[in-house]
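# Fold and geometry: a report
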Amino acid sequence: MVQSLEKVDRRDAKLALAHLAVAFVALALGGFAGLLQTLVRSGKFELPAGISYYTILTTHGVLLGLVLTTFFIIGFQFAAVCRTTGALSSSSRRFGWTGFWMMTIGTAMSAFFILTGQAAVLYTFYAPLQAHAGFYIGLTLVVVGSWVSGFAMFAHYARWRKAHRGEASPLLTFMSVTNMVLWLVCTLGVAATVVFQLIPWSLGLTDRVNVLLSRTLFWYFGHPLVYFWLLPAYMVWYAVIPKVIGGKIFSDSLARLAFILFLLFSIPVGFHHQLLEPGISPFWKYVQVVLTFMVIIPSLMTAFAMFATFESYGRAQGATGLFGWWRKLPWGDARFFAPFVGMLFFIPAGTGGIINASHQLNQVVHNTIWVTGHFHLTVATTVILTFFGASYWLIPHLTGRVMTKAMNRLAIIQTIVWAVGMTFMSGSMHFAGLLGAPRRSAFSTYGNSPQALEWIPYQIAQAVGGTILFIGIILILVIVINLAFFAPKGETEFPVAEAAAPQERAALALENWKLWIGLVVALILIAYTVPLIDIIQNAPPGSKGYKLW
Ligand code: HAS
Ligand code: CU
């Protein structure tokens, strides 16, 4: 073995911590922007100094959807691979830092153009809205930086495999590598539209842009993006939570298979975001909706595995009856409680996703604030509560400290505050969406139209929820700062559970990358080739850029 895996190399800890630091700064700023948005939409508050609602909305979406997630995930995954396959080599570490600085400089650049009002194009930066070229160039740096970090992880993994021929790699390393492969394949789409379409167009080198092509390339990336966020949460659920509660991983092979299914089915499904877009034939929308229903399966497998883990643990502790295991779970431990509440919220969140993906129902909810409600349950509750829960051991593990009882209690309160705030905010977004309230739009009564007046009570409820959530953000920041700088010195483990049964041969087959990446490419070609040719060949003249803010 390279070294004791229990203790993290200080240099690797620094790399992971640098990523987490940027993530939490993004949370603080992005969360504040979110508070302002809900206040504006309540109709009771106006932004000072002529600041545009859309500037704030773009800040919020980019900082939380793109920056917080990517930095947290890469930092977490560096820690996870070091924990399971040893310290980074000095060249991998150098790559890791190069990636980090590229991403950080890119973020600062994009943030500058957003905050100076030159890029209020929202986090999806849909053409024909046109931002300053600096915004797109900053985002490109973020993506390319993340690739460099991905290569650092691949190199680390390859080195381990060479030294352990014929063995399956440890679960968390396998999962991190799978997530980075997913990321690499899907970011090619967004890189293509940004580099070949949006940058030349915003620099004035080209006049017009093929809007449908640009959106299609965006969603080729945009859907797998949400699984790039979800999979690290699943890593915590599969590999860490069993250890935290004192149990075992229900099935190592099932977990690996779920990840491979995500890799296969995450990408060829982008059209479920474009179901109401003209210019894509209904047949290809249908094909991608079928594939979308395939990508639900690994989440259902995960739900099954989590129930099985909890129930086997409870029964081993002497629980009886159908739900006796419920009482045996460690409710007072924030490392368990926060991700568990995340799981609970994923039940309505995932159900909402299935509604969105159903073509006929999508016509009711598309472009309404229902969709905003959906993703505040998925990414802003399930995923983020799991990330918070992971921070409670990850940060002290990296800083050589321990979480005190008082901080644990605050973390339990934080989780409850978050759940209550989100129930108000996301719940009322869902209801208002069903009444037709639009998303991506500032407060308006639409000339006192009776329909718009119906939305107002829900918008006030959103502001109440948003305010409660902002208190949640202050609480998590207090905890994180405590864990980083003030908690007592000591050792905190990075919990990794053992599997209930010895590893099966299937685990090795699931590491046959040539096969899986080959299948990924085949599925992408099937789902996208014909519609893309169509979109390019039959395109209207293209659109000039608009700056509507
Ligand atoms: Fe989504 C829009 C469909 C999952 C994020 N989604 C979005 C957008 C975002 C987003 C950000 O088909 C907006 C993009 C934009 O700005 O326009 N989504 C789905 C489907 C799923 C799904 C089918 N979404 C996610 C996840 C996200 C996310 C995960 C982030 C992390 N989504 C859509 C569609 C749209 C969309 C359309 C476009 C809408 C439109 O018209 O614009 C599925 O992956 C969901 C599967 C999940 C489940 C739940 C399984 C439950 C589990 C928990 C078990 C609980 C336990 C606790 C163990 C089926 C695993 C048990 C304890 C007890 C005792 C009960
Ligand atoms: Cu999607």
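Since we're looking at a predicted model, the values are computed, not measured.

### Let's talk about the coordination of the copper ion (ligand 2)
On the protein side, the copper ion (ligand 2) has His223 (ND1), His272 (NE2) and His273 (NE2) as donor atoms, found 1.8 to 2.0 Å from it. If you list the donors of the copper ion (ligand 2) from N- to C-terminus, the spacing comes out as H-x48-H-H. In this model, the copper ion (ligand 2) sits 4.5 Å from the iron atom of ligand 1. Placement of His223 in helix α6 (residues 211–245) and of His272 in the loop between α7 (252–265) and α8 (282–316) is noted, with a sequence separation of 49 residues between them. In this structure His223 comes out as buried when scored by relative accessible area, which is 6%.

### Quick word on the packing of aromatic side chains
Taken as a whole, this structure holds 49 aromatic pairs when the rule is applied. On the numbers, 6.5 Å between centres and 85° between planes, the contact of Tyr126 with Trp219 is edge-to-face. Of this pair, Tyr126 sits in the loop between α3 (90–115) and α4 (133–163) while Trp219 sits in helix α6, and the two are 93 residues apart along the sequence. Side by side, Tyr126 and Trp219 carry an identical accessibility label, which is buried. A ring pair is formed by Phe336 and Phe340, whose centres lie 5.3 Å apart and whose planes are at 35°; its orientation type is tilted. With a gap of four residues between them, Phe336 and Phe340 both fall in helix α9 (residues 334–357), about one helical turn apart.

### Some thoughts on the site of ligand 1
Residues in close proximity to ligand 1 total 39 residues, the closest being Tyr123, Tyr227, His366, His374 and Arg439. Between ligand 1 and Tyr123 there is a distance of 2.8 Å, counted from an oxygen atom to a side-chain nitrogen or oxygen. Taken together, the elements giving at least two residues each to the shell around ligand 1 come down to α6, α8, α9 and α11 (369–399). Counting residues per element, the shell around ligand 1 draws most heavily on α9, at ten residues. When grouped by side-chain class, the residues that make up the shell around ligand 1 number 25 nonpolar, twelve polar and two charged.

### Details of a nonpolar patch on the surface
Together, Ile416, Val420, Phe424, Ile460 and Val464 make up an exposed nonpolar region whose accessible area comes to about 380 Å². Where the nonpolar patch is concerned, the elements lending two or more residues are α12 (405–434) and α13 (450–486). Here the nonpolar patch takes three residues from α12, the largest share from any one element. Of note, Ile416 is situated in helix α12. Residue classification places Ile416 among the partly exposed positions, given a relative accessible area of 43%.

What counts as what
- Residue indices follow the written sequence of each chain, beginning from 1 at its first position.
- Numbering of ligands from 1 and lettering of chains from A proceed in the order in which they are written.
- Two thresholds apply to this predicted model, a pLDDT of at least 70 for residue-level local features and 80 or more for giving and counting side-chain atom pairs, whereas whole-chain, interface and lining totals are computed over all residues.
- Values shown for side chains rest on all heavy atoms present in the structure; no hydrogens or waters enter the calculation.
- Metal sites are built from N, O and S donor atoms within 2.8 Å, or 3.2 Å for Na, K and Ca, and they leave out water, so they may look incomplete.
- Where helices and strands are cited, they refer to DSSP runs of H or I of at least four residues and of E of at least two residues respectively, numbered from the N terminus.
- For each residue, the accessible area found with a 1.4 Å probe, counting protein chains only, is set against the maximum for its type, and the residue is called buried under 20%, exposed over 50%, and partly exposed in between.
- Pairing of aromatic rings covers Phe, Tyr and Trp, the last counted by its six-membered ring, and requires centre-to-centre distances within 6.5 Å; plane angles under 30 degrees mean stacked, over 60 mean edge-to-face, and any other angle means tilted.
- For this purpose, a residue is taken to be near a molecule or strand whenever a single non-hydrogen atom of the residue falls within 4 Å of it.
- Counting of polar contacts relies on pairs of N or O atoms within 3.5 Å, with two restrictions inside protein: one atom must be capable of donating a hydrogen and the other of accepting it, and residues adjacent in sequence are counted only when both atoms are side-chain atoms.
- Polar here means any residue outside two lists: the nonpolar Ala, Val, Leu, Ile, Met, Phe, Trp, Tyr, Cys and Pro, and the charged Asp, Glu, Lys and Arg; Gly therefore counts as polar.
- The patches reported here contain residues having more than 30% relative accessible area and no salt bridge. Joining distances are 9 Å for like charges and 5 Å for nonpolar side chains (Val, Leu, Ile, Met, Phe, Trp, Tyr).
- Per-residue accessibility takes into account occlusion by the displayed protein chains alone, with areas from the Shrake-Rupley method and a 1.4 Å probe.
- Salt bridges are identified by distance alone: a Lys or Arg side-chain nitrogen within 4 Å of an Asp or Glu carboxyl oxygen.

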